[in-house]
Amino acid sequence: MSRRLGHVDVQTTLNTYAHVSDDAEMRAVADWKAFTGGWRVGAHRDERIGSGS
């Protein structure tokens, strides 16, 4: 990848583009938290493990 981008040293590629991965990761985490934010933990617990009745 580094050579394809014209970089002789892989560290140049990492220094130039590493933040892109960090930004994408942070967006993914924020999206996931927004997606799951309304979920209730244990909402169907009795149905999963049986209510014992």
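Refer to the structure above for everything that follows.
Residues numbered from 1 in each chain as written. Predicted model: local features only at pLDDT ≥ 70, side-chain atom pairs only at ≥ 80, totals over all residues. Heavy atoms only, no water.

Enquirer: Is there a simple way to think about the overall build of the protein in this case?
Expert: Tallying secondary structure elements over the protein gives 2 helices and 0 strands in all. The buried share among the 53 residues of the protein stands at 8%. (Helix = DSSP H or I, 4+ residues; strand = E, 2+ residues; numbered from the N terminus. Buried < 20%, exposed > 50% of the residue type's maximum accessible area, 1.4 Å probe, protein only.)

Enquirer: For this particular structure, what's the right way to read the packing of aromatic side chains?
Expert: Pairs of aromatic rings are described using the distance from one ring centre to the other and the angle between the two planes. All told, the structure shown has 3 aromatic pairs when counted by the stated rule. Note on Trp-32 and Phe-35: the rings are 5.7 Å apart at their centroids and 40 degrees apart in plane angle, and the pair reads as tilted. With a gap of 3 residues between them, Trp-32 and Phe-35 both fall in helix α1 (residues 10–36), about one helical turn apart. Residue classification places Phe-35 among the exposed positions, given a relative accessible area of 55%. Taken together, the ring pairs in this structure connect Trp-32, Phe-35 and Trp-39 into an aromatic cluster. (Phe/Tyr/Trp six-rings, centres within 6.5 Å; stacked < 30°, edge-to-face > 60°.)

Enquirer: For this particular structure, what's the right way to read α1?
Expert: Because an α-helix completes one turn every 3.6 residues, residues spaced three or four positions apart along the sequence face the same direction. Between the first and last C-alpha of α1 there are 37 Å, a value that for 27 residues agrees with the 39 Å anticipated at 1.5 Å per step. Considering bend angle alone, the principal kink of α1 is centred on Tyr-17 and spans about 45 degrees. (Expected span 1.5 Å × (residues − 1). Bend = angle between axes of the 7 residues up to and from the residue.)

Enquirer: Looking at this model, I keep getting lost on a nonpolar patch on the surface. Mind explaining?
Expert: A cluster of nonpolar side chains, contributed by Leu-5, Tyr-17 and Val-20, occupies part of the molecular surface with about 250 Å² of accessible area. With respect to the element layout, Val-20 can be found in helix α1. (Patch = residues over 30% accessible without salt bridge, like charges linked within 9 Å, V, L, I, M, F, W, Y side chains within 5 Å. Areas by Shrake-Rupley, 256 points an atom, 1.4 Å probe, with all protein chains shown as cover. Salt bridge = Lys/Arg side-chain N within 4 Å of Asp/Glu carboxyl O.)

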